[in-house]
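Here are the chains, one letter per residue:
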Amino acid sequence: ILIDEARTPLIISGPLEDRSDMYNTVDRFMSALGPSDYEVDEKQRTATFTEEGTEKLENLLRNAGLLKGEHLYDVENVAMVHHVNNALKAHRLFTRDKDYIVRNGEIVIIDEFTGRMMPGRRYSEGLHQALEAKEHVAIQPENQTLASITFQNYFRMYGKLAGMTGTAATEAEEFANIYKLDVVEIPTNLPVRRRDEDDEVYRTVEEKYRAIVREIREAHAKGQPTLVGTTSIEKSEYLADRLRKEGFTDFEVLNARHHEREAAIVAQAGKPGAITIATNMAGRGTDIQLGGNAEMRIAEELAGMPEGPERAEREAAIRADVARLKEKALAAGGLYVLATERHESRRIDNQLRGRSGRQGDPGRSKFFLSLQDDLMRIFGSERMDGMLQKLGLKEDEAIIHPWINKALEKAQKKVEARNFDIRKNLLKFDDVMNDQRKVVFEQRLELMDGTNLSETIAEMRADVIDDLVARHVPENAYAEQWDTAGLAEGVRRYLNLDLPIAEWAKEEGIAEGEIRQRIAAAADAAAADRATRFGPEIMAYVERSVMLQTLDHLWREHLVNLDHLRSVVGFRGYAQRDPLNEYKSEAFELFQAMLGNLRQAVTAQLMRVELVREAAEAPPPQAPQAVGHHLDATTGEDDFGEGGGTLTLVRETVVPAEQRDPQNPATWGKVGRNEPCPCGSGKKYKHCHGAFA
């Protein structure tokens, strides 16, 4: 969480309007594009249209009547550019069964580090919808960011922070820089007896898989349990098919598709001769016990058996069998971790190796690689293949040398450093937003706890009047130079007052200060009149509601603006300006503008608000049917079943005053807290019978 997940911020979002038709329409155009129409950069994970592709796309959009103006990149086609870019990313950068799976008619993201499903998480900015269109499943509405924070800033809010892991040493620098945490190595309980062998590097993927199948066969023949690590669901299933074709029948596959059986598969993965093909799911946090897990076997085999001597005898037999199988597995060399590819991060590789040789047991680990693997292809040296052919590397021959391991570790260090830079950069930009977030959320808490907001509202009203006068009445100017019409319009819009400002301006010796005082006096009088009519309780409730709703709405808009600014501010670098400093100054200006808008919007609403009492005869509004859902974090399925759990809201009905019997409270129905009590005492309901309700 502190390292891997910190490349993307935590976001709370809400749905926007439905634009599913547009996603489906644009998705159909993607099949018409050829390889020459786009460029894909796997290292940066970007996909862009070439000039040829842009031209072809413009023609397709023009024929479908979706292109406004002449060109795709004209300002009126901004939304269309967003749609086509997302569709291209969905088709060319995201792979089914590697980056996501389709489950129950939904796109579920797969965590690249753990290999597990992440139900409830969605890609933002329309990318998830583009994937839904690609896979022809129901398209959910787009989401709008309601709140956002990076993992780093979230965890730095804790007074104390600590953690324990077997693989933090490679990230010690990042823990120190970002979280101010020192990494301390604790020696193992028993000496490690696992043999970490040098990697075997083949020229092609086909040769690599042939070698892997040979290695699995040898280990299986001598009764050694084998854990085969793969980097994606797709590759784990490809290898499983390959083993079936080679005549293997007794093996298990553990990936996000079969997560329900995870405990059972892991429990028996240490039996002699067991073969388990797994994604990163089994690479971290799993304890594979040699000989199998006795407790799991007892729970499964003796499920219905009552306590007693017979059960105790069976339990002892199972434990003895597990001990015998453990001795057999130890004699065969312990657990063999056979990895089919290096991960981008050394930490993930070390975690996979760490499944073997636990608590002083023997074991071995080896990585099988090819020059066509993602890591080698994207970050390795392109000259290597040609060099190996010149050196006379024959088919099915591998290179095994410590130098190769060092070269691979260098490639991995490059990737790790790049990912660290991404996280550091994300944090620098988020620190700017974090300062603003603290101000807004502190203000929000004050609003929720504060009993009387009248002073804050009065200050806001005074600031709005000052801004209006400053804008329309230039300093030290003659009355003839004043924009009286603009000022009168501003007063009407923000203060809901129709004042004779033009008449005032004609008065002899009038100054801007006096105009300001007159407007303020009229506004204060109108506000005081409204407060008197509403009563202090209702007025306080109205002020708090308006303030909170307006603040939340403007903060959401501000987050969207900052997102847009963040995505384009990098271009300032071409003008030899520091994008971070530019972002800071522009974000500050946007924040000041948001506070100005808050003052104006709150003042305008509170100067217009009116109470509407519902007629007693009016039927009560019907409560909407509420549906409860709870997604299981491991399965992604709804615990409440197909339709969700229906929650029925119970509401008392309003009874007209003439139908209420003063002597019988059962006939009164719902009575407002501030209404006269139906018993006829003359007191308010809350001070009479309502006090006992």
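Residues numbered from 1 in each chain as written. Predicted model: local features only at pLDDT ≥ 70, side-chain atom pairs only at ≥ 80, totals over all residues. Heavy atoms only, no water.

## Notes on the nonpolar core
Point 1. Residues Tyr 583 and Val 602 are the most contacted members of the largest nonpolar core, which totals 27 residues.
Point 2. If you list the elements that add at least two residues to this core, you get helix 15 (402-449), helix 16 (454-472), helix 20 (536-568) and helix 21 (579-606).
Point 3. Ranked by the residues each element gives to this core, the list is headed by helix 20, at 10 residues.
Point 4. Not counting chain neighbours up to four residues away, the residues in contact with Tyr 583 comprise Phe 429, Val 432, Met 433, Leu 562, Leu 565, Arg 566 and Val 569.
Point 5. Counting 25 residues, the second-largest nonpolar core is a separate cluster that includes Val 26, Ala 47, Ala 90 and Val 137. (Core = buried A, V, L, I, M, F, W, Y, C linked by side-chain atoms within 4.5 Å. Buried < 20%, exposed > 50% of the residue type's maximum accessible area, 1.4 Å probe, protein only. Helix = DSSP H or I, 4+ residues; strand = E, 2+ residues; numbered from the N terminus. Contact = heavy atoms within 4.5 Å.)

## Structural notes on the state of the cysteines
Point 1. Summed over the entire model, instances satisfying the criterion amount to 0 disulfides.
Point 2. Cysteine Cys 677 shares no disulfide, and the gap to the nearest cysteine sulfur, in Cys 679, comes to 3.6 Å.
Point 3. Judged by its relative accessible area of 24%, Cys 679 falls in the partly exposed class. (Disulfide = S-S within 2.5 Å.)

## Some details on the pattern of salt bridges
Point 1. Considering all chains together, one arrives at 40 salt bridges under this definition.
Point 2. Where Glu 315 meets Arg 311, a salt bridge forms, and the shortest distance between an N and an O atom there is 3.2 Å. Taken as a pair, Glu 315 and Arg 311 lie in helix 11 (residues 309-331) at a separation of 4 residues, close to a single helical turn.
Point 3. For Arg 311, a relative accessible area of 12% puts it in the buried group.
Point 4. Between Arg 516 and Asp 466 there is a salt bridge whose closest N-O contact spans 3.1 Å. Of this pair, Arg 516 sits in helix 19 (residues 512-534) while Asp 466 sits in helix 16, and the two are 50 residues apart along the sequence.
Point 5. Taken together, the shared-partner salt bridges in this structure form one network comprising Arg 195, Glu 197, Glu 200, Glu 215, Arg 364 and Lys 366. (Salt bridge = Lys/Arg side-chain N within 4 Å of Asp/Glu carboxyl O.)

## Description of the confidence of the model for the protein
Point 1. In the predicted model, the protein carries a mean pLDDT of 82, and 90% of its residues have values of at least 70.
Point 2. Considering only residues more than four positions removed or in separate chains, one finds that residues 640-652, a stretch of pLDDT under 50, has 21 contacts. (pLDDT = per-residue confidence, 0-100.)

## Topic: the side chain of Glu 262
Point 1. Inspection of the secondary structure assignment puts Glu 262 in helix 9 (residues 262-267).
Point 2. Assessed through its relative accessible area of 15%, Glu 262 is described here as buried.
Point 3. Excluding its chain neighbours within four sequence positions, the residues that come into contact with Glu 262 are Arg 116, Leu 254, Met 281 and Thr 286.

## Focus on a negative patch on the surface
Point 1. Judged by side-chain charge, Glu 455, Glu 459, Asp 463 and Asp 467 come together as a negatively charged surface patch.
Point 2. Along the chain, the position of Asp 463 falls in helix 16.
Point 3. Residue Asp 463 is classed as partly exposed on the basis of its relative accessible area of 31%. (Patch = residues over 30% accessible without salt bridge, like charges linked within 9 Å, V, L, I, M, F, W, Y side chains within 5 Å. Areas by Shrake-Rupley, 256 points an atom, 1.4 Å probe, with all protein chains shown as cover. Lys, Arg positive; Asp, Glu negative; His and termini not counted. Charge placed at Lys NZ, Arg CZ, Asp CG, Glu CD.)

## Quick notes on a nonpolar patch on the surface
Point 1. Judged by side-chain polarity, Leu 10, Tyr 154, Met 157 and Tyr 158 come together as a nonpolar surface patch covering roughly 400 Å² of accessible area.
Point 2. A residue is classified by how much of its surface remains accessible, and Leu 10, at 31% relative accessible area, is partly exposed.

## Some details on the environment of Arg 193
Point 1. Within the secondary structure, Arg 193 sits in strand 7 (residues 193-196).
Point 2. In contact with Arg 193, other than residues within four places in its own chain, are Gly 360, Asp 361, Pro 362 and Gly 363.
Point 3. Here Gly 360 takes part through its backbone oxygen, which lies 3.1 Å from a polar atom of the side chain of Arg 193. (Polar contact = N/O pair within 3.5 Å; in protein donor to acceptor, adjacent residues only side chain to side chain.)

## Quick word on the packing of aromatic side chains
Point 1. Tallied over the full model, the rule gives 10 aromatic pairs.
Point 2. Ring geometry for Phe 94 against Tyr 123: centres 5.2 Å apart, planes inclined by 65°, an arrangement best described as edge-to-face. Here Phe 94 is found in the loop between helix 3 (78-92) and strand 4 (100-103), whereas its partner Tyr 123 is found in the loop between strand 5 (106-109) and helix 4 (127-134), with 29 residues between them in sequence.
Point 3. Take Phe 94: its relative accessible area is 10%, and that puts it in the buried class.
Point 4. Residue class for Tyr 123 comes out partly exposed when judged on its relative accessible area of 23%.
Point 5. Their ring planes at 20° and their centres at 6.1 Å tell us that Phe 155 and Tyr 158 sit as a pair that is stacked. (Phe/Tyr/Trp six-rings, centres within 6.5 Å; stacked < 30°, edge-to-face > 60°.)

## A word on the packing of helix 17 (residues 484-495) against helix 21
Point 1. Two elements in contact, helix 17 and helix 21, have axes whose closest approach is 7 Å; the angle formed by their N-to-C orientations is 75°. For the element pair helix 17 / helix 21, the angle class is roughly perpendicular. The residues of helix 21 that touch helix 17, namely those facing Arg 493, Tyr 494 and Leu 495, are Gln 600, Thr 603 and Ala 604.
Point 2. In terms of residue class, the contact of helix 17 with helix 21 is built from 3 nonpolar, 2 polar and 1 charged. (Axes fitted to C-alpha atoms, helices over the stretch in contact; angles between N-to-C directions. Parallel < 35°, antiparallel > 145°, perpendicular 65-115°, else oblique. Nonpolar A, V, L, I, M, F, W, Y, C, P; charged D, E, K, R; others polar.)

## With respect to the environment of Leu 93
Point 1. With respect to the element layout, Leu 93 can be found in the loop between helix 3 and strand 4.
Point 2. Accessibility expressed as a relative area gives 8% for Leu 93, which makes it buried.
Point 3. C-alpha separation for the pair Leu 93 and Arg 45, spaced 48 residues apart in sequence, amounts to 6.8 Å.
Point 4. Those residues in contact with Leu 93 that lie beyond four places of it in its chain are Val 40, Arg 45, Thr 46, Ala 47, Leu 88 and Asp 99.

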